[in-house]
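Chain by chain, the residues run as shown.
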Amino acid sequence: MPSDLLREIPVDTLKADEAAREHERLSAEIAENDLRYHQEDAPVISDADYDALRRRLVAIEARFPELRSAVSTSVGAAPSVKFAKVPHVVPMLSLDNAFDDQDVVDFIDRARRFLKIEGAISFTAEPKIDGLSLSLRYEGGRLVTAATRGDGFEGENVTVNARTIGDIPEKLPAGVPEIVEIRGECYMAHVDFQALNARMAAAGGGKTFANPRNAAAGSLRQLDPKITASRPLRFFAYAWGEMSAMPAETQMGMVEAFASWGLPTNPRMTLCSTVEEALAFYHALETDRAGLGYDIDGVVYKVNSLALQNRLGFVSRSPRWAVAHKFAAEQAVTVLNGIDIQVGRTGALTPVAKLEPITVGGVVVSNATLHNEDYIRGIGGDGLPIRDGVDIRVGDTVVIQRAGDVIPQIVSVLLDRRPADAVPYEFPTLCPVCGSHAVREEGEAVRRCTGGLICSAQAVERIRHFVSRNAFDIEGLGEKQVQAFHEWGLITEPADIFTLEARDAGQLQRLKNRDGFGETSARNLFAAINERRSIALNRFIYALGIRHVGETNAKRFARHFGTVEAFRDTALAARPPGPELLKGNDAWVELVGIEGIGAVVAEAVVDFFDEPHNRDAFARLLEQVTPQPLEAAKTDSPVAGKTVVFTGTLVRMTREEAKAMAERLGAKVAGSVSKKTDLLVAGPGAGSKLKSAAENGVEVIDEDGWFTLVGAE
Ligand code: IVH
């Protein structure tokens, strides 16, 4: 078994020699990712993928204990997730939002009505810090645990990292209650954020943080506390969790007690007794905001009396005794120097504003999103600022805004500063990457490149789709291999997969000599490819990656047309050359007449074949592959007619693949567990669904169990 194929084999079927090789590969991969994560702060794989590698390593060691080595204990002995979980005895809740003065008036009225208090209620007002919340647990005056908020009920244990933060005392003074849980915000000041980003930029690698909040979160959630220690994090205490005794009876008194114990508290916190005072505080803080030196995104008001807080209690996940009065996003004025068009993995053309760099609330901004073509024209759209027909032109002076971690956007254009020679922006109708037509569907704001099969911006994603489990399902051609082949220039379109072997024979550097390949793996790969020279028509159509043509629609077309040529020719005839109208001709009527196919899908198909680049790539593919009539649906599978639920982390397939696979085998896939569920497939991290499966007597298996059951190993 070649090593690149080994990674696909379930641990319990690995032979001893294979396990040894796979163990070695995993150790190396984990070590490399650790290095990137720790030292370069630039992980190249997701946390979930990293965890999957670790889990697999640990599973191999469980079966083959003799493989445990210095390498593996250094990477494999730790728990399978990056941070251990810490349950919050008192949940960490969120706050309800108030967006204008009236919402604040309503908040106080509601509290008064609820408490049946006629007179004034006193409440605190303090800045809402834009960082991440942290819960510090002290036992006997010593810091024992620091945990992030997590989902509010369970956070991540970041104790070692929190100990490196100067603002967080290791010990509280004598006389503090036995158990003290102090909660507050961990944040990064503007100066420190800028210095950190400058340092990271100088170190190369193109990685910087988008804003101070991300920088704080990224720095606190480090596996190596030395890195956290080198990041200047700060802390403000403003709340608490479990307390064995209360040092005060008011919100203000509690925070003052924290301050007397040596914790930083916010100097702006004040006591108010009327709405007018609260609003005056809010507006004053808004004015001072940019000069505070750290990001805040509003004001938090809290009923001061803890007795009243108790009576008020909670509604769902936020207290009735507190509200967050949000600030509008911060704005600044700058000049638009240019517009770049980026082509995404799905072919969407996204315009990006290139701005004269400007500081917005302490953060330098030089790019802003322009969303889409209509947005540039001033037409607006879902949830976007509308400029009532005022378009954006290169050279314009514009107002930009930055809100939290949202990408900055342009909210208005200062027309009186528009240069006389500024011209309306012409959105490209050709893809800037591959030159194919870029089209907009009716009712869609996004313009997309139609050169799906040949556009290099989309190539890796499209080829990955092409070879995926429900499409061509080519063993040994996973995401990594597709990426590598693309980088080596060996596969740029689907047909290349099938000419690989022939071209390889004439290559100076043969595949078998390349990284990750040996003679056997190259041979096996060519065999796997050749096996797919004949493929079910529905899979073939699905593999093309035509927009809106998923598995179901691919089957509809396959069933209707029977041959791929008929499919293509009808699509071509629906948009004949010349001025003839698309809609209304026979071919179009035939397409939209197919059960389940509407105009949007039909048009996507027509657009696909209308693009000459696609027609050529399609023709080249047909020289290599022979599609067969529709695949019959399976009725004899062990899960046919059963209702299946997938939960937790799946390692060997995506959730989408799992669903498609189950459906292909005649099962119904549900989103939640009930009495009607026959089978729960649970990966690591499964939560409440496991519980309801137990309650409902539903059979539970893991992912490997699923593959064994359906015989797809
Ligand atoms: S009080 C039960 N006070 O805002 C409510 N939260 O939207 C406890 N935050 O998760 C929170 N500054 O991370 C409170 N002065 C402040 C705050 C603050 C920032 C954050 C905190 C919380 C979120 C809720």
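Residues numbered from 1 in each chain as written. Predicted model: local features only at pLDDT ≥ 70, side-chain atom pairs only at ≥ 80, totals over all residues. Heavy atoms only, no water.

1. Topic: the pairing of strand β16 (residues 363–369)
Bridge analysis of strand β15 (residues 348–360) against β16 gives six bridges, and the strand direction is antiparallel. Bridge pairing in β16 links I358 to V365. The antiparallel hairpin formed by β15 and β16 contains two residues in its connecting segment, where G361 sits at a positive phi of about 55°. (Pairing = 2+ DSSP bridges. Helix = DSSP H or I, 4+ residues; strand = E, 2+ residues; numbered from the N terminus.)

2. Some details on the environment of N211
Tracing the backbone shows N211 in the loop between α7 (190–202) and α8 (212–220). Accessibility expressed as a relative area gives 3% for N211, which makes it buried. The spatial distance from the C-alpha of N211 to the C-alpha of N197 is 9.5 Å, given a sequence separation of 14 residues. (Buried < 20%, exposed > 50% of the residue type's maximum accessible area, 1.4 Å probe, protein only.)

3. Notes on the pattern of salt bridges
According to the stated counting rule, one finds 33 salt bridges in the structure shown. Where E170 meets R163, a salt bridge forms, and the shortest distance between an N and an O atom there is 2.4 Å. Of the charged contacts in the structure, one is a salt bridge between R464 and E461, with a shortest N-O distance of 3.5 Å. One end of the pair is R464 and the other is E461, both in helix α14 (residues 456–467) and three residues apart, which spans about a single turn. The class of E461 is buried, set by a relative accessible area of 18%. In this structure, a network of salt bridges that share partners links the residues R137, E139, E181, R183 and E242. (Salt bridge = Lys/Arg side-chain N within 4 Å of Asp/Glu carboxyl O.)

4. What about the sheet that holds strand β10 (residues 296–303)?
Strand order in the open sheet formed by five strands is β2-β13-β10-β3-β9, with mixed pairing between adjacent strands. Each edge of the open sheet is held by one strand with a lone partner, namely β2 (97–98) and β9 (270–272). The pairing of strand β3 (residues 123–129) with β9 spans three bridges and is antiparallel. Bridge assignment links A125 to a residue of β9, and that residue is T270. Running over the sheet, helix α5 (residues 101–115) touches β2, β3, β10 and β13 (322–326) and is turned about 175° from β13. (Contact = heavy atoms within 4.5 Å. Axes fitted to C-alpha atoms, helices over the stretch in contact; angles between N-to-C directions.)

5. Some points on the pairing of β10
Along any regular strand, the residues point their side chains to alternate faces of the sheet. Most of β10 is tucked away, with eight of its eight residues classed as buried. Here β3 pairs with β10 via seven bridges, running antiparallel. By the bridge assignment, E126 is partnered in β10 with V300. Two strands pair when backbone bridges link them, and β10 and β13 are joined in this way by five bridges, in the antiparallel orientation. Counterpart to V300 in the pairing with β13 is A324.

6. With respect to helix α19 (residues 551–561)
Restricting attention to buried positions, one finds in α19 the residues N553, A554, F557, A558 and F561. Within α19, the buried residues cover an arc of 140° as seen down the axis, which keeps them to one side. α19 presents T552 and R559 as exposed residues on the side facing more than 90 degrees away from its buried surface. Along its buried surface, α19 packs onto α18 (537–543), α20 (564–574), α21 (586–593) and α22 (599–610). Note on α19: the residue one or two positions beyond its end, G562, has a positive phi of about 75°. (Arc of directions from axis to C-beta.)

7. Observations concerning the packing of α14 against helix α15 (residues 479–487)
Here α14 crosses α15 at 140°, and the two axes come no closer than 10 Å. Taken together, the axes of α14 and α15 lie oblique to each other. As α14 runs across α15, the sense of the crossing is right-handed. For the pair α14 and α15, contact is made by S456, A459, V460, I463, R464 and V467 and by E479, V482, Q483 and H486, respectively. Here the contact of α14 with α15 is built from residues that sort into five nonpolar, three polar and two charged. (Parallel < 35°, antiparallel > 145°, perpendicular 65-115°, else oblique. Left-handed = near helix turned anticlockwise from the far one by under 90°. Nonpolar A, V, L, I, M, F, W, Y, C, P; charged D, E, K, R; others polar.)

8. Some words on the site of the ligand
Around the ligand sit 13 residues, and of these E126, I129, E185, Y238 and K302 come closest. The contact in question runs from a nitrogen atom of the ligand to an N or O atom on the side chain of E126, over 3.0 Å. A distance of 3.0 Å is found between a nitrogen atom of the ligand and a backbone nitrogen or oxygen belonging to I129. Residue contributions to the shell around the ligand peak at four residues, all from β3. (Near = heavy atom within 4 Å. Polar contact = N/O pair within 3.5 Å; in protein donor to acceptor, adjacent residues only side chain to side chain.)

9. Let's talk about the packing of aromatic side chains
Under the definition given, this model contains 23 aromatic pairs. Look at F485 and W488: their rings are 5.7 Å apart centre to centre, the planes differ by 90°, and that puts the pair in the edge-to-face class. Classification of W488 by relative accessible area gives partly exposed; the value is 29%. An angle of 20° between the planes, with centres 6.4 Å apart, marks the rings of F557 and F561 as stacked. With F557 and F561 both in helix α19, this residue pair falls four residues apart, about one helical turn. The same class applies to F557 as to F561, namely buried. (Phe/Tyr/Trp six-rings, centres within 6.5 Å; stacked < 30°, edge-to-face > 60°.)

10. Focus on the nonpolar core
One broad rule of soluble globular proteins: the nonpolar side chains tend to lie buried together. Judged by nonpolar contacts, the single largest core of 58 residues is most densely connected at I474, I497, F540 and F557. If one sorts the elements of this core by residue count, α22 sits on top with seven residues. Those residues within four positions of I497 in sequence are excluded, and the remaining contacts are I463, F466, V467, I474, L477, I491 and I529. Within the second largest apolar cluster, 37 residues are counted, among which are L134, Y138, L172 and L233. (Core = buried A, V, L, I, M, F, W, Y, C linked by side-chain atoms within 4.5 Å.)

11. Focus on unusual backbone geometry
Of note, K116 is a non-glycine position whose phi angle comes to about 55°, a positive value. Its location among the elements puts K116 in the loop between α5 and β3. Residues other than glycine seldom take positive phi values, yet H548 does so here, at roughly 70°. Inspection of the secondary structure puts H548 in the loop between α18 and α19.

12. Observations regarding the environment of E441
When you line up the elements, E441 lands in the loop between β19 (438–440) and β20 (447–449). Counting along the chain gives 163 residues from E441 to A604, while the straight-line C-alpha distance between them is 7.9 Å. Filtering out sequence-adjacent residues up to four positions away, E441 remains in contact with R547, H548, V600 and A604. Among the polar contacts listed, one links the side chain of E441 to the side chain of H548, at a separation of 2.9 Å.

13. Notes on the sheet that holds strand β4 (residues 132–139)
Spatial ordering of the open sheet is given by β5-β4-β7-β8, a layout of four strands whose pairing is antiparallel. Of all strands in the sheet, those with a lone pairing partner are β5 (142–148) and β8 (234–243), marking the two edges. Taking each pair of neighbouring strands and ignoring which way they run, the sheet shows an average axis angle of 30°. On the sheet, α8 packs against β4, β5 and β7 (179–187) and is oriented at approximately 40° with respect to β4.

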